[in-house]
Amino acid sequence: MVPLHRSVVGGGNARAAAAKRSAKVVGPGARLAATSNTGIRNRQERRAVGVQAAEKELLMWEALREATDEEMERDPTVLVMGEDVGHYGGSYKVTYDLYKKYGEMRLLDTPIAENSFAGMGIGAAMTGLRPIIEGMNMGFLLLAFNQISNNCGMLHYTSGGQYKVPVVIRGPGGVGRQLGAEHSQRLESYFQSIPGVQLVACSTARNSKALLKAAIRSDNPVIFFEHVLLYNVKGEVGGKDEVQELNRAELVREGSDITILCYSRMRYVSMQAVGELVTSGYDPEVIDLISLKPFDLETIYNSLKKTRKVLIVEECMKTGGIGASLSSTISENFIDELDHEVVRLSSQDVPTAYAHELEAATIVQPEQVVEAVQRMCGAPVPV
């Protein structure tokens, strides 16, 4: 297994992490301080660190494409299959023009037959390849549920460890902008009960690239959730060697009043609410779950033992959703650390409407997060 590291997010921590990575690249320059030209060489080293720290920015779809490209170049057993992933470049261009570099057999355009090509990918994984199966929309993968549940997650166990299934199943999902009920599915709640699969939800350009690279290298089957409205989110990305631990949450913002647990697009909804809460005197802590199965209970516990209040913000349905599982897990394990019951903000249990106003009314909005925090914490204590 390739050693993974945990990414650092947020302000000065991100800059410190970038400087630390750059220092590793500069390496021997750190030992130059003992020479007679200490001052000059230290200035040269600082300039080199500055160059390394000025990392490039990509849109999230570009970051996912770069991760796929780098892993296909690194490992000849990696391939992509799905509808329109080759010549067309994928429904959101994540594989754009890669067929020109790797050929049509490693960027395999499939028929519109999700159950069939999912089974083909799982079989390919059993024989030593590392397929990336793209669903044009995650809702379409319901047609492959048999393969994902009965084969993808269980074959390693039911074969007594004779087979590994190192496959990544990825694609766009979530509530978009007037895509209709069938194209606005949140399938994380469908897949969370399948034994043997790992669920990961990316949220930024940086973590999408680092997480996808880690998922491709993993020997476990990984279902990789990308939100349809986040493909054009722009941010810095790491280099070829930066991978991120799949089962670790990200601390987005430190705080002391309440812990807000979120993932995917709700990270941005939560942070929008935090901007208003901070101006009102509240100090919320925000954690991006990243791993939806298993949960990073260590990070969650370290936060809630400090804040003693937990608010879960999700786009998933309230009944049987990720928040329901997380809430029960927190209550079962950490109830003595809490001063308030766990509160969930989730989508309503109705099909997602096409009309914009009705669509917005079914999912969590920033003002609901603000109201929930105010209700749970009471009036802020003046400093």
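Note that the structure is predicted; figures quoted are calculated from it, not measured.

What follows deals with the overall build of the chain. Scanning the chain for helices and strands turns up 14 helices and 14 strands. For the chain, with 383 residues in total, the buried portion stands at 52%. Contacts in the chain between residues at least 24 apart in sequence constitute 82% of all its contacts with a sequence separation of at least 6.

All right, on to the nonpolar core then. Counting 43 residues, the largest nonpolar core has L261 and I330 as its most contacted members. Not counting residues within four places of it along the chain, the set of residues in contact with L261 comprises I287, L289, I300, V310, L311, I312, V313, L326 and I330. Core analysis: the second largest hydrophobic core is formed by 30 residues, C202, L211, A214 and Y231 among them.

Here is the key point about a regular strand: its side chains alternate between the two faces of the sheet. For strand β11 (residues 284-288), the buried fraction is high: five of the five residues fall into the buried class. By the alternation rule, side chains of β11 split into P284, V286 and D288 and E285 and I287, which are all buried. In this sheet, β11 lies alongside strand β9 (residues 250-253) in antiparallel orientation, the contact comprising three bridges. Note that in β11 the partner of E250 across the bridge is D288. Alignment of strand β10 (residues 258-262) against β11, held across five bridges, turns out to be parallel. Note on β11: the bridge partner recorded for T259 is E285. For the segment spanning β10, helix α10 (residues 266-279) and β11, crossover handedness is right-handed.

Turning our eyes to something else, we now look at the sheet that holds strand β4 (residues 130-134). A sheet is described by the order of its strands in space; here seven strands give the open sequence β3-β2-β4-β5-β7-β6-β12, paired in mixed fashion. Each end of this open sheet is capped by a strand with a single partner; those strands are β3 (107-109) and β12 (291-293). Sheet twist, expressed as the mean angle between neighbouring strand axes with direction ignored, is 20 degrees. Strand direction decides the pairing type here: strand β5 (residues 168-173) and strand β7 (residues 222-227), joined by six bridges, are parallel. Bridging from a neighbouring strand, I169 pairs with I223 of β7. With respect to the sheet, helix α9 (residues 205-217) is in contact with β2 (78-82), β4, β5, β6 (198-201) and β7, its orientation differing from that of β7 by roughly 160 degrees.

What counts and what doesn't
For every chain, the first residue of the written sequence is number 1, and numbering continues from 1 along that sequence. Note on the predicted model: pLDDT of at least 70 is required for a residue's local features to be given, and 80 or more for side-chain atom pairs to be given and counted; whole-chain, interface and lining totals, by contrast, use all residues. Note that the side-chain values use all heavy atoms of the structure and ignore hydrogens as well as water. Helix and strand definitions follow DSSP, with helices as H or I runs of at least four residues and strands as E runs of at least two, each counted in order from the N terminus. Here's how the labels work: a residue is buried when its accessible area is under 20% of the maximum for its type, exposed when over 50%, partly exposed in between, all with a 1.4 Å probe on protein chains only. In this analysis, two residues are considered to be in contact whenever any of their non-hydrogen atoms come within 4.5 Å of each other. We define the nonpolar core as a collection of buried residues of types Ala, Val, Leu, Ile, Met, Phe, Trp, Tyr and Cys that are connected through side-chain atoms lying within 4.5 Å of one another. Any two strands with at least two DSSP-identified bridges between them are counted as paired. We call a crossover right-handed when, viewed with both strands directed away from the observer, the connection leading from the first strand over the helix to the second proceeds clockwise. Here an angle of 0 to 180 degrees is reported between the N-to-C directions of two axes, which are lines fitted to C-alpha atoms, with helices fitted over the stretch in contact.

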